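Residue-level listing of the chains:
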Amino acid sequence: MIPEVCSNPDSAVILSMVLGQQTLRLICTTTAVQKRNVGASGPEKYTEAFIKKQIEEFNLGKRHLANMMGEDPETFTQEDIDRAIAYLFPSGLFDKQARPLMKHPTEVFPEQRKIQWGEDGRPFHFLFYTGKQSYYSLMHETYEKFLNVQKHQDQLTAQDLPLQKEKRNLAGSRWLTKIELEEMLLEKVSDDDYSRFIQLLQKLVALPCADIEEKYIQKFSKEVPVQLQKVVIEPLQHDERGVAFSTGEGKRKTARATAIVYDNGTGKITVNGIDILHYFPVLQDREQLLFPFQFLGRIGKHDMVCTVSGGGRSAQAGAIRLASAKALRSFVTEKEVEFMRQAGLLTVDPRVKERKKPGQEGARRKFTWKKR
């Protein structure tokens with residue numbers, strides 16, 4: 001039998017072996033015809049018996065191909081198969097889907113269509129005809145977990161028992177991405193469906209007693225790897241009074257700041273020898289300066305002495321914020337340092353004022369055009 005080669009770059013080519021003959025046969029069908037045939041063939045297309053038959057034909061074809069190439073069929077790998085196909089059927093087509101193909105049936109046929117219906121053609125799952133049975137099953141299951149947690153909370157309230165108010169800290173983890181969720185469900189998920197599922201998970205985590213479904217929540221979250229292994233944090237130092245302190249430096253635009261944070265303080269902060277209320281009369285600047293302490297829950301527990309120069313008040317507040325955040329690293333754990341990095345407290349703000357351009361009124365603004 002002579003091999004038939006399909007030259008249409010938009011065609012999908014399936015390589016199969018003819019039983020009882022050491023010959024190859026290429027079945028070439030266009031993408032539209034193939035999709036129409038799959039829809040017309042009905043659900044029996046990807047039944048367990050069909051997949052089993054395809055695997056048997058693939059194994060037989062692999063042995064024939066190995067014998068044709070003079071190789072051992074027992075040690076003939078997928079790489080050897082691809083190399084043999086490229087040698088026997090050289091193709092210059094750019095579209096890889098149009099080239100001859102011989103893969104294991106589990107890689108060719110979609111896994112989500114296996115065994116979803118019985119011999120009578122009826123689907124097993126009641127959400128089959130929604131087109132997204134895995135996604136809607138997941139939404140049903142998640143909402144059921146949500147109702148179970150609410151029921152548990154109502155039982156605790158009826159018995160006058162305190163609710164567990166410790167919420168799960170998500171600073172060191174992230175939710176599964178859309179692509180990762182699609183790989184888990186084995187079906188496509190739209191952006192709206194993905195955001196709807198994440199919102200339901202966030203509602204579940206926000207409940208006071210969500211820890212009873214901790215294992216279920218962990219299935220859809222991944223820990224963010226720590227990226228501060230190479231950063232050396234200086235140990236605490238002690239002054240003549242025996243008080244522990246740490247030093248940090250920061251910058252913002254043209255402002256440069258040095259901050260010394262003392263332990264066991266009362267929350268007193270001085271900038272260039274002046275109290276913070278007088279040096280930064282604008283509330284926004286003081287909030288920016290105190291944000292690292294607020295983030296770690298350490299307001300009123302430390303004293304800080306700052307020295308700053310250059311720039312305006314806003315830039316100086318940003319420089320002191322970075323310096324104080326670096327100094328606070330010596331007082332907290334490595335996990336809290338990672339939370340600070342993810343919150344952007346340890347990152348230098350690179351934004352500066354854009355320079356004026358020649359021939360223009362400003363950095364971006366142009367002169368008003370006049371016809372005469």
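Definitions and cut-offs
Residues numbered from 1 in each chain as written. Predicted model: local features only at pLDDT ≥ 70, side-chain atom pairs only at ≥ 80, totals over all residues. Heavy atoms only, no water. Salt bridge = Lys/Arg side-chain N within 4 Å of Asp/Glu carboxyl O. Helix = DSSP H or I, 4+ residues; strand = E, 2+ residues; numbered from the N terminus. Buried < 20%, exposed > 50% of the residue type's maximum accessible area, 1.4 Å probe, protein only. Expected span 1.5 Å × (residues − 1). Bend = angle between axes of the 7 residues up to and from the residue. Contact = heavy atoms within 4.5 Å. Pairing = 2+ DSSP bridges. Core = buried A, V, L, I, M, F, W, Y, C linked by side-chain atoms within 4.5 Å. Polar contact = N/O pair within 3.5 Å; in protein donor to acceptor, adjacent residues only side chain to side chain. Axes fitted to C-alpha atoms, helices over the stretch in contact; angles between N-to-C directions.

## Some points on the pattern of salt bridges
Part 1: Evaluation of the coordinates by the stated rule reveals 16 salt bridges.
Part 2: Of the charged contacts, one joins Lys 103 and Asp 82 as a salt bridge, the two residues approaching to 3.4 Å between their closest N and O atoms. In this pair, Lys 103 is assigned in the loop between α3 (78-88) and α4 (105-108) and Asp 82 in helix α3, connecting sequence segments 21 residues apart.
Part 3: Judged by relative accessible area, Lys 103 falls into the partly exposed class, the value being 28%.
Part 4: Asp 82 sits in the partly exposed class, given a relative accessible area of 34%.
Part 5: Two residues, Lys 357 and Glu 354, come together in a salt bridge whose shortest N-O distance is 2.8 Å.
Part 6: On the accessibility criterion, Glu 354 (36% relative accessible area) is partly exposed.
Part 7: One continuous salt-bridge network, built from bridges that share partners, spans Lys 132, Asp 193 and Arg 196.

## Comments concerning helix α10 (residues 283-296)
Part 1: For α10, built from 14 residues, the straight-helix expectation of 20 Å at 1.5 Å per residue is met to within 8% by its first-to-last C-alpha distance of 20 Å.
Part 2: Roughly 50 degrees is the biggest bend found in α10, and it falls at Leu 290, with proline Pro 292 one to four residues downstream.
Part 3: Those residues of α10 lying buried are Asp 285, Arg 286, Leu 289, Pro 292, Phe 293 and Leu 296.
Part 4: Residues of α10 that are buried in the fold lie against β7 (255-262), β8 (269-271), α9 (276-279), β10 (303-309), α11 (313-328) and α12 (334-342).
Part 5: Directly beyond the C-terminal end of α10, a positive phi value near 70 degrees is found at Gly 297.

## Describing the pairing of strand β6 (residues 244-252)
Part 1: Inspection of the sheet shows strand β5 (residues 237-238) paired to β6 by two bridges, in the antiparallel sense. Across the sheet, residue Gln 237 finds its bridge partner in β6, namely Phe 245.
Part 2: Two elements, β6 and β7, share eight bridges in a ladder whose sense is antiparallel. In the strand pairing of β7, Glu 249 is matched with Thr 258.
Part 3: In sequence, β6 turns back onto β7 through a hairpin of two residues, with Lys 253 there showing a positive phi of about 55 degrees.

## With respect to the nonpolar core
Part 1: In terms of nonpolar packing, the biggest core is built from 29 residues, with Val 261, Val 271, Phe 280, Leu 289, Met 304, Ile 320 and Met 340 touching the most fellow members.
Part 2: When contributions to this core are tallied by element, the ones reaching two or more residues are β7, β8, α9, α10, β10, α11 and α12.
Part 3: Looking at this core element by element, the count peaks at eight residues for α11.
Part 4: When residues no more than four places from it in sequence are discounted, the contact partners of Phe 280 are Val 271, Asp 285, Arg 286, Leu 289, Arg 313, Gln 316, Ala 317 and Ile 320.
Part 5: Counting 24 residues, the second-largest nonpolar core is a separate cluster that includes Leu 156, Tyr 194, Tyr 216 and Ile 217.

## Regarding the side chain of Ser 246
Part 1: Its place among the elements puts Ser 246 in strand β6.
Part 2: There is a polar contact of 3.1 Å between the side chain of Ser 246 and the backbone oxygen of Ala 327.
Part 3: If we skip the residues at most four places from it in the chain, Ser 246 touches Leu 236, Ala 259, Ile 260, Val 261, Ala 327, Ser 330 and Phe 331.

## Topic: the environment of Ala 257
Part 1: Along the polypeptide, Ala 257 turns up in strand β7.
Part 2: On the basis of relative accessibility, which here comes to 4%, the residue Ala 257 falls in the buried class.
Part 3: A C-alpha to C-alpha distance of 5.5 Å links Ala 257 and Ile 320, two positions 63 residues apart in sequence.

## Structural notes on the pairing of β10
Part 1: Here β10 shows one buried face, formed by Met 304, Cys 306 and Val 308, and one open face, formed by Asp 303, Val 305, Thr 307 and Ser 309.
Part 2: With seven bridges connecting them, β7 and β10 associate as antiparallel partners. Residue pairing for β10: Ile 260 is matched across the bridge by Val 305.
Part 3: For β8 and β10, the ladder comprises three bridges, and the chain directions are parallel. Bridge assignment links Ile 269 to a residue of β10, and that residue is Met 304.

## Let's talk about the sheet that holds strand β9 (residues 274-275)
Strand pairing within a sheet occurs via backbone hydrogen bonds; the two strands may be parallel or antiparallel.
Part 1: One open sheet holds the six strands; their spatial order is β5-β6-β7-β10-β8-β9, and the pairing between them is mixed. Of all strands in the sheet, those with a lone pairing partner are β5 and β9, marking the two edges.
Part 2: Running over the sheet, α11 touches β6, β7, β8 and β10 and is turned about 140 degrees from β6.

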